[in-house]
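Observations on the model geometry
Listed below, chain by chain, are the residues.
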Amino acid sequence: PFLLTFVSAGASTASHALLSAVLADHVKGGLVDYAALKTDPRLPRYLSQLAVTDPAALASDQERLALWLNAYNAYTLKLIVDREPAQSITEVGTGGLTLGTLLKTTAWDIRFAEVGGRKYTLNEIEHEVIRAQFKDARAHFALNCAAGSCPILRSEAYEAGRLDEQLDAQGRLFLRDSTRNRFDLPTKTAHLSSIFKWYGKDFGADDRSALLAASKFAAPEVRQAIEADPAAWTVKFLAYDWSLNDLKQ
């Protein structure tokens, strides 16, 4: 099936129904059944659609952002099923996480993700496309890097018409999950995901800005306490769990 459905001259919309079907079948509570996914022909079919879809031809920024978020997540799934790391995505590539980051030889530096006839690395999709072009910090709640501390992978694809709703829902899931972000009201201590440290500038000028940005998706009593006196809060960052989000482990 063709991915592009023309809605008017020069503008089109992309269908992500195949990806939604794949995610619905293989993602449970954010964990992925990689063994079953490996033999599912729908994932490569969806990726072949992405390969011939020109993002510039899509009708709106919502269409484009949904496409790039889905591309990042779908190609991350392909990376895992193709290379089968035993315990972590950090086993993919060479040099491990620290040295590999310096040498640009990590999983995120492999040029294999084809969109619109051009091959990208996952780093390029995240930093040069999603962060640079769309400047929506909620994207960090939608991207899944196949690791335990990542925001969970939705059991459906992102769709332009529901994108705001989906991104807000992802923010609430992420900020209200005490394994990923934790707020201690008595001591006014926020234990935030390292995502808020690594991409702090996307959430504001400093840790306090990141805390306020995070609080918008936290439980109501947490948000009220932070907004009442943000200066009283201490921000700490949680260690990141890189273990594979594998349903069968």
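Definitions and cut-offs
- Residues numbered from 1 in each chain as written.
- Predicted model: local features only at pLDDT ≥ 70, side-chain atom pairs only at ≥ 80, totals over all residues.
- Heavy atoms only, no water.
- Pairing = 2+ DSSP bridges.
- Helix = DSSP H or I, 4+ residues; strand = E, 2+ residues; numbered from the N terminus.
- Axes fitted to C-alpha atoms, helices over the stretch in contact; angles between N-to-C directions.
- Expected span 1.5 Å × (residues − 1).
- Buried < 20%, exposed > 50% of the residue type's maximum accessible area, 1.4 Å probe, protein only.
- 1 Å grid on protein atoms, 1.4 Å probe; cavity = no way out; pocket = protein on both sides within 12 Å on 5 of 7 lines; lining within 4 Å.
- Points joined across faces, edges and corners; volume = space filled by probe spheres on them.
- Nonpolar A, V, L, I, M, F, W, Y, C, P; charged D, E, K, R; others polar.
- Parallel < 35°, antiparallel > 145°, perpendicular 65-115°, else oblique.
- Left-handed = near helix turned anticlockwise from the far one by under 90°.
- Contact = heavy atoms within 4.5 Å.
- Core = buried A, V, L, I, M, F, W, Y, C linked by side-chain atoms within 4.5 Å.
- Disulfide = S-S within 2.5 Å.
- pLDDT = per-residue confidence, 0-100.

Strand order in the open sheet formed by three strands is β7-β8-β9, with mixed pairing between adjacent strands. Lying at the two open borders of the sheet, with one neighbouring strand each, are β7 (182–184) and β9 (234–237). Sheet twist, expressed as the average angle between the axes of neighbouring strands with direction ignored, equals 15°. For β7 and strand β8 (residues 189–192), the ladder comprises three bridges, and the chain directions are antiparallel. Pairing of aspartate 184 across the sheet is with threonine 189, part of β8.

Over its 23 residues, helix α4 (residues 61–83) runs 33 Å from end to end, which matches the ideal 33 Å to within 8%, given 1.5 Å per residue. Counting buried positions along α4 gives 18 out of 23 residues, so the element sits mostly inside the fold. Just downstream of α4 lies glutamate 84, where phi reads positive at about 45°.

Next up on the list: empty space enclosed by the protein. On inspection of all chains with the given rule, the structure shows two cavities of 30 Å³ or more. Taken as a whole, the largest cavity encloses approximately 40 Å³ of empty space. Lining the largest cavity, in full, are Ser149, Thr179, Arg180, Ser193, Ser194, Leu238, Ala239 and Tyr240. Each residue belonging to the lining of the largest cavity can be placed in one class, and the counts come to three nonpolar, four polar and one charged. Looking at the second largest cavity, its volume works out to about 30 Å³. Those elements giving two or more residues to the lining of the second largest cavity turn out to be α1 (17–26) and α4.

This part takes up the packing of helix α3 (residues 42–51) against α4. Packing of α3 against α4 brings their axes to within 11 Å, and their N-to-C directions diverge by 135°. In terms of orientation, α3 and α4 fall into the oblique class. α3 and α4 meet at a crossing whose hand is left-handed. Only Leu67, Asn70, Ala71, Ala74, Tyr75, Leu77 and Lys78 of α4 make contact with α3, whose side of the interface consists of Leu43, Tyr46, Leu47 and Leu50.

Counting 76 residues, the largest nonpolar core has Tyr34, Trp68, Leu69, Tyr75, Phe183, Phe196 and Phe203 as its most contacted members. Looking at this core element by element, the count peaks at 13 residues for α4. Apart from the residues lying within four places of it in its own chain, the contact partners of tyrosine 34 are Leu77, Ile80, Val81, Ala146, Leu244, Asn245 and Asp246.

Before going further, it helps to spend a moment on the state of the cysteines. Taken as a whole and judged by the stated rule, the model has one disulfide. Sulfur-sulfur distance for the disulfide between cysteine 145 and cysteine 150 comes to 2.0 Å. For the pair cysteine 145 and cysteine 150, one class covers both residues: buried.

Okay, the confidence of the model for the chain next. Looking at the chain, pLDDT values average 94 and 96% of them are 70 or higher. Here residues 1–10 is a poorly scored stretch, pLDDT under 50, and it has 19 contacts once near neighbours within four places are set aside; other chains count.

Of note, glutamate 124 is situated in helix α6 (residues 122–134). Sequence-distant contacts of glutamate 124, defined by excluding residues within four places in its chain, comprise Arg111, Arg118, Lys119 and Val129.

Before going further, it helps to examine the pairing of β8. The alternating pattern of β8 places Thr189 and His191 and Ala190 and Leu192 on opposite faces, both of which are buried. Taken together, β7 and the strand that follows it, β8, pair antiparallel across an intervening segment of four residues, in which lysine 188 is found at a positive phi of about 50°. Sheet topology places β8 next to β9; four bridges connect them, and they run parallel. The residue of β9 that forms the bridge with leucine 192 is phenylalanine 237.

Here the focus is the layout of surface pockets. Taken as a whole, the largest pocket holds about 540 Å³ of empty space. Trp108, Asn123, Glu126, His127 and Tyr199 are the residues nearest the centre of the largest pocket, which is lined by 20 residues in total. For the lining of the largest pocket, the elements supplying multiple residues, two or more each, are α5 (96–103), α6 and α8 (195–198). Ranked by the residues each element gives to the lining of the largest pocket, the list is headed by α6, at three residues. For the lining of the largest pocket, a count of residues per class yields twelve nonpolar, five polar and three charged. By volume, the second largest pocket is sized at about 180 Å³. Around the second largest pocket sit 13 residues that line it, and Leu43, Pro44, Leu47, Lys78 and Asp82 are the ones nearest its centre. Secondary structure elements with two or more residues in the lining of the second largest pocket: α2 (34–38), α3 and α4. The dominant element in the lining of the second largest pocket, judged by the number of residues it contributes, is α4, at four residues.

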